[in-house]
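Examining the three-dimensional arrangement
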Amino acid sequence: MGKGFFQVPTALNETVKSYAPGTPEREEVLATYKSMYNSSIDVPLYINGEEIRTGDTGTMSPPHDHQHILGTYHKAEKQHIQKAIDTALEAREKWANLAWEQRAAIFLRAAELIAGPYRAKINASTMLAQSKNIFQAEIDAACEFIDFLRFNVEFMTQIYEDQPDSTSASWNRLEYRPLEGFIYAITPFNFTAIAGNLPASAALMGNVVVWKPSDSQIYSAKVIVDIFKEAGVPDGVINVVYGDPVMITDTVLASPDFSGVHFTGSTHVFKDIWAKIGTNIHNYKTYPRIVGETGGKDFIIAHPSANAKQVATGITRGAFEFQGQKCSAASRAYIPKSLWADVEKFLIEDVKSFKMGSPEDMGNFITAVIHEGSFDKLAKYIDQAKNDSGVKVIAGGNYDKSKGYFIEPTVLLAEDPKYTTMCTELFGPVVTIYVYEDDQWAETLKLVDGTSEYALTGAIFSTDRYAAAEATKALENCAGNFYINDKCTGAVVGQQPFGGARASGTNDKAGSYLNLLRWVSPRMIKETFVSPADYRYPFLGE
Ligand code: NAD
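A few points on the structure. As the structure is a computational prediction, the values presented were derived from the model and not from experiment.

This part covers the overall build of the protein. Along the backbone of the protein there are 16 helices and 23 strands. With respect to the three principal axes, the spread of C-alpha positions in the protein is 85 × 70 × 50 Å. Counting the 542 residues in the protein, one finds 57% classified as buried. The long-range fraction of contacts in the protein, counting pairs at least 24 apart against all pairs at least 6 apart in sequence, stands at 77%. Counting only carbon and sulfur atoms, one obtains 52% of the accessible surface of the protein, whose full area is about 22800 Å². Looking at charge distribution, the protein has the averaged site of its 51 positive side-chain charges lying 1 Å from that of its 65 negative ones.

Printed below as a string of structure tokens:
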């Protein structure tokens, strides 16, 4: 320890592979997909490096092929959660005191394992577990996850380098120690990268973790567990549990050593967790850090000066990639009357050209939504739109769950800008359009700002610089990630730190040093070289 000021490898974004016909990566991922599809796995809890099989199991199936079983996973009981907490706390001293470069090396190694030997496996598992097409799997499970791991190592060193001034008489040193206790990571189904990053970022900063993945992502989470193990994360540092989310969360939050939650998921679940933390506040040894990235009702607004084809493409990609199941997905769009005929034509052409089906067929742009609950909810909103006056289904509108949970990408046109699907997060391939009068630009900006409780992402399309500037100011509180002339999805680690405010979360910006700061507690050390030996100051002199 302490034998050099080490420089970490410069973090660079992982190059996205094309998977075009004839490429080796396409063949490899398809072969891996087939072999994983045709075998069955049994996923144990992972506590203190031990695989624990409780015998209380659930099954895992691809959303696009729900009668096919990919395997089983074991559900924890309360005693297992307690064991995961105890184990983490036992592992803490060694891990927190390990030199940072050793921790960095583990996670840089994990990044290389994903970039190389595990790439096809983590992508294929994400295609199977979450029904991502290969491009969506590659930008998430491989590239974004690699980027999180590499950039976080660089951000960690930036934090450590941030030191106060000193004088010749005394040396001021700021230590960034991990939090006292353990961190609880709760992850959503929709990004394999987020599932890996929430426990890994806290662990990188020297914390120990209890990690609970989403039930709908356990199949690809198992690949992450294998990668962390192979990369050398020591036993007890990241403990993985599955099962009843309420029981697990209540058990974790009851521990006096709970020191922070790293959550991504829906707003109501996060608010519930926050309330429980408040109820337990007198029991904790330290004020827990509460970090949550939650829902969105993300918008696209076009100015009359915008290019209609670009606007339509922004909506098509922003709303429908990964079936609209991105927290950043566009789900409401505001189009000026003068542009609408063209935007509508291009949009309907695009939607009609989509192929939908299994991700194994790489011609499919659209696959299934995550589970039956999501399918039923989306079908209900679509049916309601068909029956409601003042709203029209102008594309899509069909659904079928006989083989997989398939919802046709659907475009609704609403006369009322506060129609339910303009305000509520549906988390699926449904976008609602409101057409505004061209001379109502300023009023429409106010409408965008005031329509939803969320503030995650948003985009403005305009070739008029004054209009772009006006929108940037008017919409400053309603999107943590704001795009000018681009779709509102696709944030890249190291380029666009991601997160929103209002009901969308604590805006701690995953993929930046801001997030890592939440997982350290600074200690200021002042060392005086020659200590004073007389209390009297000169002004006390005769
Ligand atoms: P979800 O809230 O259903 O689940 C998230 C996690 O919380 C899962 O691990 C789940 O098991 C757990 N959970 C569920 N109910 C719980 C409870 N009562 N107590 C404790 N834990 C509980 O979310 P999801 O469906 O997996 O993901 C979709 C949601 O996540 C959307 O709202 C989306 O906008 C949001 N999201 C946000 C971001 C972001 O960066 N802002 C990123 C991805 C997803």
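Next up on the list: the pairing of strand S11 (residues 289–293). Looking along a regular strand, one sees side chains alternate from face to face of the sheet. Counting buried residues along S11, five of its five residues qualify, which places the element largely inside the surrounding structure. Side-chain alternation along S11 places Arg-289, Val-291 and Glu-293 on one buried face and Ile-290 and Gly-292 on a second face that is also buried. Where strand S10 (residues 258–264) and S11 come together, five bridges link them in parallel fashion. What sits directly across from Thr-264, in S11, is Glu-293.

As a matter of local geometry, the ligand sits amid 26 residues, with Thr-187, Lys-212, Ser-266, Thr-294 and Glu-425 nearest to it. Take Gly-265: an N or O atom from its main chain is 3.2 Å from an oxygen atom of the ligand. Between the ligand and Thr-294 there is a distance of 2.8 Å, counted from a nitrogen atom to a backbone nitrogen or oxygen. Notes on the ligand: free accessible area 840 Å², of which the protein chains cover 87%. Breaking the shell around the ligand down by element, the ones donating at least two residues are helix H8 (245–253) and S10. With three residues, the single largest contributor to the shell around the ligand is H8. Here the residues of the shell around the ligand are counted per class, giving 13 nonpolar, ten polar and three charged.

On to unusual backbone geometry. One non-glycine residue, Ser-131, adopts positive backbone phi at about 55°. Position of Ser-131 among the secondary structure elements: in the loop between helix H4 (119–130) and helix H5 (134–161). In this model, Phe-427 sits at a positive phi of 60°, which is unusual for a non-glycine residue. With respect to the secondary-structure elements, Phe-427 resides in the loop between helix H13 (420–423) and strand S18 (430–436).

Another point: the pattern of salt bridges. This model, assessed by the stated rule, comprises 25 salt bridges. Residues Arg-502 and Asp-449 are paired through a salt bridge, measuring 3.0 Å at the closest nitrogen-oxygen approach. In this pair, Arg-502 sits in strand S22 (residues 501–502) while Asp-449 sits in helix H14 (residues 441–451), placing the two residues 53 residues apart along the sequence. Given the relative accessible area of 23%, Asp-449 is considered partly exposed. The shortest N-O distance in the salt bridge between Lys-473 and Glu-476 comes to 2.8 Å. With a relative accessible area of 54%, Lys-473 lands in the exposed category. Note on Glu-476: relative accessible area 47%, which makes it partly exposed. Residues joined by salt bridges that share partners form a network here, namely Glu-14, Glu-112, Arg-119, Glu-138 and Arg-150.

Time to look at the sheet that holds strand S5 (residues 71–74). With respect to topology, three strands assemble into an open sheet ordered S1-S5-S4, the strand pairing being mixed. Strand pairing shows two members of the sheet lacking a second neighbour, strand S1 (41–43) and strand S4 (57–60), which therefore form its edges. Neighbour-to-neighbour, the strand axes of this sheet turn through a mean angle of 25°, independent of strand direction. Sheet topology places S4 next to S5; four bridges connect them, and they run antiparallel. Residue pairing for S5: Thr-57 is matched across the bridge by His-74. In the packing of helix H7 (residues 218–231) onto the sheet, contacts are made with S1, S4 and S5, and the angle to S1 comes to roughly 75°.

Residues Tyr-535, Tyr-537, Phe-539 and Leu-540 make up a contiguous nonpolar surface patch of roughly 560 Å² in combined accessible area. Relative to the helices and strands, Phe-539 is located in the segment after strand S23 (520–528).

This part is about the nonpolar core. Core analysis: the largest hydrophobic core is formed by 105 residues, its most contacted members being Phe-107, Met-205, Trp-211, Ile-238, Val-252, Phe-258 and Val-261. Ranked by residues supplied to this core, first place goes to H5 with 13 residues. If near-sequence neighbours (up to four positions away) are discounted, Phe-107 is found in contact with Trp-95, Leu-149, Ala-200, Ala-203, Leu-204, Phe-228 and Val-233. The next biggest cluster of nonpolar side chains, apart from the first, holds 34 residues, and it includes Phe-375, Leu-378, Ala-414 and Met-422.

What follows deals with the layout of surface pockets. By volume, the second largest pocket is sized at about 1000 Å³. For the lining of the second largest pocket, the secondary structure elements donating two or more residues are helix H2 (78–97), helix H3 (100–115), H5 and strand S6 (170–178). When residues of the lining of the second largest pocket are assigned to their parent elements, the largest contribution, eight residues, is made by S6. The class makeup of the residues in the lining of the second largest pocket is 14 nonpolar, eight polar and eight charged.

Structurally, the position occupied by Ile-224 is in helix H7. Using a relative accessible area of 0% as the deciding quantity, one classes Ile-224 as buried. As a C-alpha pair, Ile-224 and Ala-141 span 83 residues in sequence and 9.5 Å in three-dimensional space. Dropping the residues within four chain positions of it, Ile-224 is found in contact with Ile-122, Phe-145, Thr-192, Ala-195, Gly-196, Trp-211 and Gln-217.

Attention now moves to helix H9 (residues 267–279). Over its 13 residues, H9 extends 18 Å from the first C-alpha to the last, a length consistent with the 18 Å expected when each residue adds 1.5 Å. For H9, the set of buried residues is Thr-267, Phe-270, Ile-273 and Ile-277. Seen end-on, H9 carries its buried residues on one side only, within an arc spanning 125°. Among the exposed residues of H9, those pointing more than 90 degrees away from its buried face are His-268 and Thr-279.

Strands sit in the order S14-S17-S18-S13-S12-S20-S21 across an open sheet of seven strands; the sheet is mixed. Each edge of the open sheet is held by one strand with a lone partner, namely strand S14 (391–395) and strand S21 (481–484). Averaged over all pairs of adjacent strands, the angle between strand axes in this sheet comes to 20°, irrespective of strand direction. Across four bridges, the pairing between strand S17 (residues 410–414) and S18 is parallel. In the sheet register, Leu-413 faces S18, and the bridge partner there is Ile-433. Contacts from helix H11 (residues 337–353) reach strand S12 (298–302), strand S13 (330–336), S14, S17 and S18, with the element oriented near 140° to S13.

Rules used throughout
Residues numbered from 1 in each chain as written. Predicted model: local features only at pLDDT ≥ 70, side-chain atom pairs only at ≥ 80, totals over all residues. Heavy atoms only, no water. Helix = DSSP H or I, 4+ residues; strand = E, 2+ residues; numbered from the N terminus. Buried < 20%, exposed > 50% of the residue type's maximum accessible area, 1.4 Å probe, protein only. Contact = heavy atoms within 4.5 Å. Areas by Shrake-Rupley, 256 points an atom, 1.4 Å probe, with all protein chains shown as cover. Lys, Arg positive; Asp, Glu negative; His and termini not counted. Charge placed at Lys NZ, Arg CZ, Asp CG, Glu CD. Pairing = 2+ DSSP bridges. Near = heavy atom within 4 Å. Polar contact = N/O pair within 3.5 Å; in protein donor to acceptor, adjacent residues only side chain to side chain. Nonpolar A, V, L, I, M, F, W, Y, C, P; charged D, E, K, R; others polar. Salt bridge = Lys/Arg side-chain N within 4 Å of Asp/Glu carboxyl O. Axes fitted to C-alpha atoms, helices over the stretch in contact; angles between N-to-C directions. Patch = residues over 30% accessible without salt bridge, like charges linked within 9 Å, V, L, I, M, F, W, Y side chains within 5 Å. Core = buried A, V, L, I, M, F, W, Y, C linked by side-chain atoms within 4.5 Å. 1 Å grid on protein atoms, 1.4 Å probe; cavity = no way out; pocket = protein on both sides within 12 Å on 5 of 7 lines; lining within 4 Å. Points joined across faces, edges and corners; volume = space filled by probe spheres on them. Expected span 1.5 Å × (residues − 1). Arc of directions from axis to C-beta.

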